[in-house]
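# Coordinate analysis (summary)
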Amino acid sequence: MSKYCQVTGRHAGVGNSISHSHRKTRRRFNVNLQRKTYWVPSLDRRVTLTVSARGIKTIDRRGIDSVIAELIRIGEIKP
């Protein structure tokens, strides 16, 4: 699975884990990625996307057709 959200572009960040004694070790802040399949009426087919939880909310708000049109425009997915 890809390591970034195809809708929002979010990817893992890096930072420090800080213990009680305040020692710092490097760690990753991973994104909550899900693999979701959507039916796209304009393309008349299913499209599988790797999206974050915020990306799912974006699709719910804007609609799958407008999100897919944007992804095709930027070259993220093929028509």
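Residues numbered from 1 in each chain as written. Predicted model: local features only at pLDDT ≥ 70, side-chain atom pairs only at ≥ 80, totals over all residues. Heavy atoms only, no water.

### Remarks on the environment of Ser17
Mapping Ser17 onto the fold places it in strand β1 (residues 13–18). For the pair formed by Ser17 and Arg28, sequence separation is 11 residues and the distance between their alpha carbons is 9.0 Å. Not counting the four nearest positions on each side in its chain, Ser17 is found in contact with Arg23, Lys24, Thr25 and Arg27. (Helix = DSSP H or I, 4+ residues; strand = E, 2+ residues; numbered from the N terminus. Contact = heavy atoms within 4.5 Å.)

### A closer look at unusual backbone geometry
Of note in this structure, His22 is not a glycine but carries a positive phi near 70 degrees. Along the chain, His22 falls in the loop between β1 and β2 (24–29). You can call His22 exposed: its relative accessible area is 52%. With a phi close to 60 degrees, Asp44 is a non-glycine residue in the positive phi region. Along the chain, Asp44 turns up in the loop between β3 (33–40) and β4 (45–52). A relative accessible area of 58% places Asp44 in the exposed class. (Buried < 20%, exposed > 50% of the residue type's maximum accessible area, 1.4 Å probe, protein only.)

### A closer look at the nonpolar core
Counting 14 residues, the largest nonpolar core has Val7, Leu49, Ile59 and Ile68 as the members making the most contacts within it. For this core, the secondary-structure elements that each account for two or more residues are β3, β4 and α2 (64–74). With four residues, α2 is the single largest residue contributor to this core. If we ignore the near neighbours within four places in the chain, the residues touching Ile59 are Val7, Tyr38, Leu49, Val51, Ile64 and Val67. (Core = buried A, V, L, I, M, F, W, Y, C linked by side-chain atoms within 4.5 Å.)

### Focus: α2
Residues of α2 that are buried include every one of Ile64, Val67, Ile68 and Leu71, and no others. Burial along α2 is one-sided: seen end-on, the buried residues are contained in an arc of 95 degrees. Count one or two residues on from α2 and you reach Gly75, which has phi positive near 90 degrees. (Arc of directions from axis to C-beta.)

### Examining the packing of aromatic side chains
Under the counting rule described, the total for this entry stands at zero aromatic pairs. Across from the ring centre of Phe29, 3.9 Å away, lies the NZ or CZ of Arg27, which sits over that ring. (Phe/Tyr/Trp six-rings, centres within 6.5 Å; stacked < 30°, edge-to-face > 60°. Lys NZ or Arg CZ within 6 Å of the ring centre and 35° of its normal.)

### Focus on helix α1 (residues 53–62)
Every buried residue of α1 is listed here: Gly55, Thr58 and Ile59. For α1, the angular spread of the buried residues around the axis is 100 degrees, confining them to a single face. Structural note: α1 exposes Arg54, Lys57, Asp60 and Arg61 on the side pointing more than 90 degrees away from its buried face. Here the buried face of α1 lies against β3, β4 and α2. Within two residues after α1, Gly63 carries a phi angle of roughly 100 degrees, on the positive side.

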